[in-house]
Amino acid sequence: MRLQKPKRRVQKANDAKDLMSLCSNKYQRVFRGKEELKVECLRPDEINETHKLELMDLLESNMKESYDLSPKGWSRSDKEDEMFDPCSRHLILFHNNHVAAFSHFRFDMDYGVDVIYCYEIHIQSNWQRKGLGRFLMEILEQFLCLFSLTKIVLTVFKSNSAAIDFYTKIGFSIDETSPDDTYYLIMSKLNASHQTVS
């Protein structure tokens, strides 16, 4: 059975090997002052155990408290399963071979729409407020355009006003699929160049 166009776009994105080689040169590395950060986009089986531990420690440091206060609660093992699922990709900024920031995302279908689903975006405390979050999101938007996907989707705790403000400033809005009666919002940003006719 022939795949519909949105599913074909997702499949093409998932089949792509070296995503960073497809991006503009300005996203191949990033400087903050005199410090250079290396940019890599990796599948879980391409990440060594030391860096997997750094990713999980950063995620837990930033999010455990919010999860503990939510009905879902915090489970490191559940998050590890989600983070390192074979379908996942990790856009990572490395400084001196240590994780400075990352975004965990997937190319996926969501309510029948072809999307980049951004599960996580986290930055080490000493690298915050240096534009790295915006930089990571710009790369995701590059991927969005490269594969002609419809939108970037993410979930954010309603209690995380700073994150909501950040996403709003860079063009995200509450998605039509966002539920009214729960502790989180679903936000999205459309691909401006996407053709609405599939």
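It should be noted that the structure appears before, not after, this text.
Here's a quick rundown of the structure. (Residues numbered from 1 in each chain as written. Predicted model: local features only at pLDDT ≥ 70, side-chain atom pairs only at ≥ 80, totals over all residues. Heavy atoms only, no water.)

### Description of the layout of surface pockets
Move 1: Here the largest pocket defines a volume of roughly 1,100 Å³.
Move 2: Contributing to the lining of the largest pocket are 32 residues, with Ile121, His122, Asn160, Ala163 and Tyr167 lying nearest its centre.
Move 3: Elements with a contribution of two residues or more to the lining of the largest pocket: helix H2 (49–68), helix H3 (76–83), strand S5 (113–123), helix H4 (132–146), strand S6 (151–157) and helix H5 (161–169).
Move 4: A total of seven residues in the lining of the largest pocket trace back to one element, the largest contributor, which is S5.
Move 5: Among the residues forming the lining of the largest pocket, the class breakdown is 17 nonpolar, seven polar and eight charged. (1 Å grid on protein atoms, 1.4 Å probe; cavity = no way out; pocket = protein on both sides within 12 Å on 5 of 7 lines; lining within 4 Å. Points joined across faces, edges and corners; volume = space filled by probe spheres on them. Helix = DSSP H or I, 4+ residues; strand = E, 2+ residues; numbered from the N terminus. Nonpolar A, V, L, I, M, F, W, Y, C, P; charged D, E, K, R; others polar.)

### Some words on the sheet that holds strand S2 (residues 35–42)
Move 1: One open sheet accounts for eight strands, arranged S1-S2-S3-S4-S5-S6-S8-S7; its pairing is mixed. Either end of the sheet is taken by a strand with one partner, and the two such strands are strand S1 (29–32) and strand S7 (173–174).
Move 2: Set on the sheet, H2 makes contact with strand S3 (89–95), strand S4 (98–110), S5 and S6; between it and S5 the angle comes to about 90°. (Pairing = 2+ DSSP bridges. Contact = heavy atoms within 4.5 Å. Axes fitted to C-alpha atoms, helices over the stretch in contact; angles between N-to-C directions.)

### Describing the pairing of S2
Move 1: Strand direction decides the pairing type here: S1 and S2, joined by four bridges, are antiparallel. Bridging from a neighbouring strand, Phe31 pairs with Glu36 of S2.
Move 2: Linking two consecutive strands that pair antiparallel, namely S1 and S2, is a turn of two residues; a positive phi of about 65° is found at Gly33 within it.
Move 3: By the bridge criterion, five bridges tie S2 to S3 in an arrangement that is antiparallel. Bridged to Cys41 within S3 is Leu91.

### Looking at the packing of H2 against H3
Move 1: The contact between H2 and H3 brings their axes to 11 Å, and the two run at 125°. Comparing the axis directions of H2 and H3 gives the class oblique. Judged by the twist between their axes, the crossing of H2 over H3 is right-handed. For the pair H2 and H3, contact is made by Leu53, Leu55, Met56, Asp57, Leu59, Glu60 and Tyr67 and by Arg76, Lys79, Glu80 and Met83, respectively.
Move 2: Its residues assigned to classes, the contact of H2 with H3 comprises six nonpolar, no polar and five charged. (Parallel < 35°, antiparallel > 145°, perpendicular 65-115°, else oblique. Left-handed = near helix turned anticlockwise from the far one by under 90°.)

### A look at the pattern of salt bridges
Move 1: Applying the stated criterion to the full structure yields twelve salt bridges.
Move 2: Where Arg76 meets Glu80, a salt bridge forms, and the shortest distance between an N and an O atom there is 3.6 Å. Of the two residues, Arg76 and Glu80 both sit in helix H3, four residues apart, roughly one turn of that helix.
Move 3: Residue classification places Arg76 among the partly exposed residues on the basis of a relative accessible area of 22%.
Move 4: Of the charged contacts, one joins Glu120 and Lys79 as a salt bridge, the two residues approaching to 2.7 Å between their closest N and O atoms. In this pair, Glu120 sits in strand S5 while Lys79 sits in helix H3, placing the two residues 41 residues apart along the sequence.
Move 5: For Glu120, a relative accessible area of 5% corresponds to the buried category.
Move 6: Under the relative-accessibility criterion, Lys79 is labelled buried at 6%.
Move 7: Three or more residues joined by partner-sharing salt bridges are found here, namely Asp57, Glu60, Arg76 and Glu80. (Salt bridge = Lys/Arg side-chain N within 4 Å of Asp/Glu carboxyl O. Buried < 20%, exposed > 50% of the residue type's maximum accessible area, 1.4 Å probe, protein only.)

### Some remarks on unusual backbone geometry
Move 1: Backbone geometry at Asn96 places phi at a positive 50°, although glycine is not the residue there.
Move 2: When you line up the elements, Asn96 lands in the loop between S3 and S4.
Move 3: Here the phi dihedral of Ser148 falls at roughly 55°; this positive angle occurs in a residue that is not glycine.
Move 4: Tracing the backbone shows Ser148 in the loop between H4 and S6.

### Overview of the state of the cysteines
Move 1: Under the definition given, this model contains zero disulfides.
Move 2: In this structure Cys23 is a free cysteine whose sulfur lies 8.0 Å from that of Cys41, the closest cysteine sulfur available.
Move 3: Take Cys23: its relative accessible area is 7%, and that puts it in the buried class.
Move 4: Cysteine Cys118 remains unbridged, with the sulfur of Cys41 as its closest cysteine sulfur at 12 Å.
Move 5: Here Cys118 falls in the buried class, since its relative accessible area comes to 3%. (Disulfide = S-S within 2.5 Å.)

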